Amino acid sequence: MLKSITSKGLVLYNRNFREDDKLVKIFTEQAGKRMFFVKHVRNSKLSPVIQPLVVANFLMKVNDDGLSYIDDYQEVTVFQHINHDLFTMAYATYVVALADASIQDNEIDSALFAFLQKMLELMEQGLDYEVLTNIFEIQILSRFGVSLNFHECCFCHRIGLPFDFSFTYNGVLCPEHYSKDERRSHLEPNILYLLDQFQAVQFNDLKTISLNSELKYQLRKVIDQIYEEYVGIHLKSKKFIDSLEDWGEILKNKESE
Ligand SMILES: [Zn+2]
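Note that this is a predicted model, so its numbers are computed, not measured.

Here's the deal with the packing of helix 2 (residues 86–102) against helix 3 (residues 110–124)
Thought 1: For the pair helix 2 and helix 3, the least separation of the axes is 11 Å and the interaxial angle reads 175 degrees. Classified by the angle between their axes, helix 2 and helix 3 sit roughly antiparallel to one another. Residues Thr 88, Tyr 91, Ala 92, Val 95, Val 96 and Ala 99 of helix 2 form the contact with helix 3, whose participating residues are Leu 112, Leu 116, Met 119, Leu 120 and Met 123.

Encoded structure:
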């Protein structure tokens, strides 16, 4: 049954369907992720708003058992800075793909919608896209059913100590309890401190976070490990980011030659 609603939506992706039609995946605030059918795209007034990362207020007919339809739209936001910077674009695309992977179709999650939209706005403002991505990755773990304790020692529950991470105990160990896990991660304590901050960070604090490249590199490594161990998804957009990083390394090495 088709139901008419108005909702904010973020376009996740579109793909060609038959000769001149498209299927468009939109994450809507009010009705979750849905697949929309857009007919005769070339002559459609909808063509500018079905591009990835566009946010708009859509008037739509949603269908719980099949394709949905867009009737009209207003208040379109296009992220100009993101669209024109290869690196920011790569990270924004990954964050969106991660959100996409974390929820089922038709599942309403307006909190995730708001979080994702805020992330994109902050990337658009030019805040550090690597740090924002890390924060998003940590906070969205719960959507994948993963709950990790970065805050207090798994054994004595003390806080604020130079912690290390244990994959065996899904959380941190204090120096007194390092020995509980022979295969603990041997991470720098400031990495665990940051992961704890990321888990609880408020948007207003984000503007003040600034990290050096070595710390960012360490964070990237441990978050990759966490995703490999607990989430196990392999997104194309993440592989692209990894290849960009390799490319960035080559450029850096060239500069220092
Ligand atoms: Zn302890």
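Picking up after the structure, the text goes on.
Describing helix 5 (residues 189–200)
Thought 1: In a regular helix each residue adds 1.5 Å, so 12 residues correspond to 16 Å; helix 5 covers 17 Å between its end C-alpha atoms and thus fits that length.
Thought 2: Buried within helix 5 we find Ile 191, Leu 192, Leu 194, Leu 195 and Asp 196.

Description of the pairing of strand 2 (residues 21–28)
Thought 1: Pairing of strand 1 (residues 2–17) with strand 2, which is carried by 8 bridges, proceeds in the antiparallel orientation. Opposite Tyr 13, over in strand 2, you have Lys 25 as the bridge partner.
Thought 2: Relative to strand 3 (residues 32–38), strand 2 runs antiparallel, the two being bridged by 7 bridges. Of the residues in strand 3, the one forming a bridge with Thr 28 is Gly 32.
Thought 3: The loop that links strand 2 with its antiparallel partner strand 3 comprises 3 residues.

Let's talk about the packing of helix 2 against helix 4 (residues 129–139)
Thought 1: With their axes 10 Å apart at the nearest point, helix 2 and helix 4 run at an angle of 5 degrees to one another. As summarised for this structure, helix 2 and helix 4 are arranged roughly parallel, according to the angle between their axes. Where helix 2 approaches helix 4, its residues Phe 87, Thr 88, Tyr 91, Tyr 94, Val 95 and Leu 98 are matched on the opposing element by Tyr 129, Glu 130, Thr 133, Phe 136 and Glu 137.
Thought 2: For the contact of helix 2 with helix 4, a count of residues per class yields 7 nonpolar, 2 polar and 2 charged.

Examining the domain arrangement of the chain
Thought 1: Partitioning the chain into structural domains gives domain 1 (1–77) and domain 2 (79–256).
Thought 2: A straight line from the C-alpha centre of domain 1 to that of domain 2 covers 30 Å.
Thought 3: With 13 residues of domain 1 at the interface, the matching set in domain 2 holds 17 residues.
Thought 4: No other element matches strand 3, which puts 3 residues into the side of domain 1 that touches domain 2.
Thought 5: Residue classes in the side of domain 1 that touches domain 2 are distributed as 6 nonpolar, 3 polar and 4 charged.

A closer look at the UniProt feature "domain: DNA replication/recombination mediator RecO N-terminal" (unreviewed entry) in the chain
Thought 1: Here the UniProt-annotated "domain: DNA replication/recombination mediator RecO N-terminal" (unreviewed entry) positions come out as residues 4–74.
Thought 2: The straight-line gap between the two end C-alpha atoms of residues 4–74 is 15 Å; of that span, 0% is helix and 62% is strand.

How each quantity is defined
- Residues numbered from 1 in each chain as written.
- Predicted model: local features only at pLDDT ≥ 70, side-chain atom pairs only at ≥ 80, totals over all residues.
- Axes fitted to C-alpha atoms, helices over the stretch in contact; angles between N-to-C directions.
- Helix = DSSP H or I, 4+ residues; strand = E, 2+ residues; numbered from the N terminus.
- Parallel < 35°, antiparallel > 145°, perpendicular 65-115°, else oblique.
- Contact = placed C-beta atoms within 7 Å.
- Expected span 1.5 Å × (residues − 1).
- Buried ≥ 20, exposed ≤ 12 C-beta atoms within 10 Å, placed from the backbone.
- Pairing = 2+ DSSP bridges.
- Nonpolar A, V, L, I, M, F, W, Y, C, P; charged D, E, K, R; others polar.
- Domains from an automatic or database assignment.
- UniProt positions renumbered as here; feature names shortened; annotations may be inferred.

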